[in-house]
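Here is what each chain is made of, one letter per residue.
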Amino acid sequence: MRQADITRKTAETAISVKVDLDGTGRYDIRTGVGFFDHMMDQLARHSLIDITLRCEGDLHIDDHHTVEDCGIALGQALTQALGDKRGIRRYGSFHLAMDDALVRCALDLSGRPYLVCNLPFPTAKIGSFDTELVREFFQALSTHGGITLHVDMIHGLNSHHIAEAAFKAVARSLREAVEPDPRAASAIPSTKGML
Ligand SMILES: [Mn+2]
């Protein structure tokens, strides 16, 4: 069963997250940050990973701790659910177009965190959401999910579209990478023998 259930509590946030890598993209997300919930919904829907996420964060300060810590907890959940990564495709990539926005993601479930995030948002805010938090989320996801993650905007005019295209590109890439590879069902996809 490729599932995980993580709870994480600090002075800044209390989070519970449940993932099922072999899901159908069902989501039940409540973090108190509306735009971020919208992005997490996209992540689940387009990765086909079922995600249940609850976060009670210190939103009286700002959204930063909530968004970052959700990235940490989700990365930890992915790591746990993937186990020894036997039989997965490991790599995934996608070009995602959404109106004016075109974002490319390429990722490797390598166990080696590395983030390249090139999303030059034209505005600092989407509603009340700070666009710089998109990078914070991907950084936390990469670090705690052991993911080499490249997210590059190729074209974009509207910050909402750019962010949404980025989350959907990451989602589609994750879908591919965590998927069982029927030609290598029992193999660990590395010449080193471990990931
Ligand atoms: Mn939208």
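Residues numbered from 1 in each chain as written. Predicted model: local features only at pLDDT ≥ 70, side-chain atom pairs only at ≥ 80, totals over all residues. Heavy atoms only, no water.

The protein has the name Imidazoleglycerol-phosphate dehydratase in an unreviewed UniProt entry, where Cereibacter azotoformans is given as its organism. One UniProt comment on the protein, placed under Pathway (unreviewed entry), says "Amino-acid biosynthesis; L-histidine biosynthesis; L-histidine from 5-phospho-alpha-D-ribose 1-diphosphate: step 6/9." For the protein, the Catalytic activity (unreviewed entry) comment in UniProt is given as "D-erythro-1-(imidazol-4-yl)glycerol 3-phosphate = 3-(imidazol-4-yl)-2-oxopropyl phosphate + H2O". (UniProt positions renumbered as here; feature names shortened; annotations may be inferred.)

**Student:** Account for the sheet that holds strand β1 (residues 3-9), naming residues and giving values.
**Tutor:** The strand order across the open sheet built from four strands is β1-β2-β4-β3, with neighbouring strands paired in mixed fashion. With one partner strand each, in any of the chains shown, β1 and β3 (27-30) form the two edges of the open sheet. Sheet twist, expressed as the mean angle between neighbouring strand axes with direction ignored, is 5 degrees. Across eight bridges, strand β2 (residues 13-20) lies against strand β4 (residues 50-57) in antiparallel orientation. Looking at the pairing, lysine 18 lines up with threonine 52 of β4. Docked against the sheet, helix α1 (residues 34-47) engages β3 and β4, running at close to 160 degrees with respect to β3. Together, β1, β2 and β4 form the strand contacts of helix α2 (residues 64-82), whose direction differs from that of β1 by roughly 145 degrees. (Pairing = 2+ DSSP bridges. Helix = DSSP H or I, 4+ residues; strand = E, 2+ residues; numbered from the N terminus. Axes fitted to C-alpha atoms, helices over the stretch in contact; angles between N-to-C directions. Contact = heavy atoms within 4.5 Å.)

**Student:** Hey, could you go over the environment of alanine 163 for me, with residue numbers and the actual values?
**Tutor:** Position of alanine 163 relative to the elements: it lies in helix α4 (residues 159-178). Classification of alanine 163 as buried rests on a relative accessible area of 0%. Alanine 163 sits 68 residues away from histidine 95 along the chain, and the two C-alpha atoms are 14 Å apart. Beyond its immediate sequence surroundings of up to four residues, alanine 163 is in contact with Phe35, Met39, Phe121, Ile126 and Val134. (Buried < 20%, exposed > 50% of the residue type's maximum accessible area, 1.4 Å probe, protein only.)

**Student:** Can you explain the coordination of the manganese ion? Please cite residues and give values.
**Tutor:** For the manganese ion, the full set of protein donor atoms is His38 (NE2), His160 (NE2) and Glu164 (OE), and the range of their distances to it is 2.0 to 2.3 Å. Motif for the manganese ion, donor spacing along one chain: H-x121-H-x3-E. One end of the pair, histidine 38, is in helix α1; the other, glutamate 164, is in helix α4, with 126 residues separating them in the sequence. Here histidine 38 falls in the partly exposed class, since its relative accessible area comes to 27%. (Donors = N, O, S within 2.8 Å, 3.2 Å for Na, K, Ca; no water.)

**Student:** Can you lay out α1 for me, pointing to particular residues and giving the numbers?
**Tutor:** Think of an α-helix as turning once every 3.6 residues; residues three or four places apart then point the same way. Relative to the 20 Å expected for 14 residues at 1.5 Å per residue, α1 spans 20 Å between its end C-alpha atoms, a close match to the ideal helical length. Of all the 14 residues making up α1, ten are buried; the element is thus mostly covered by neighbouring parts of the structure. Inspection of α1 places Phe35, Phe36, Asp37, Met39, Met40, Asp41, Gln42, Leu43, Ala44 and Ser47 among the buried residues, and these make up the whole buried set. Just beyond α1, the residue with positive phi is leucine 48, at close to 65 degrees. (Expected span 1.5 Å × (residues − 1).)

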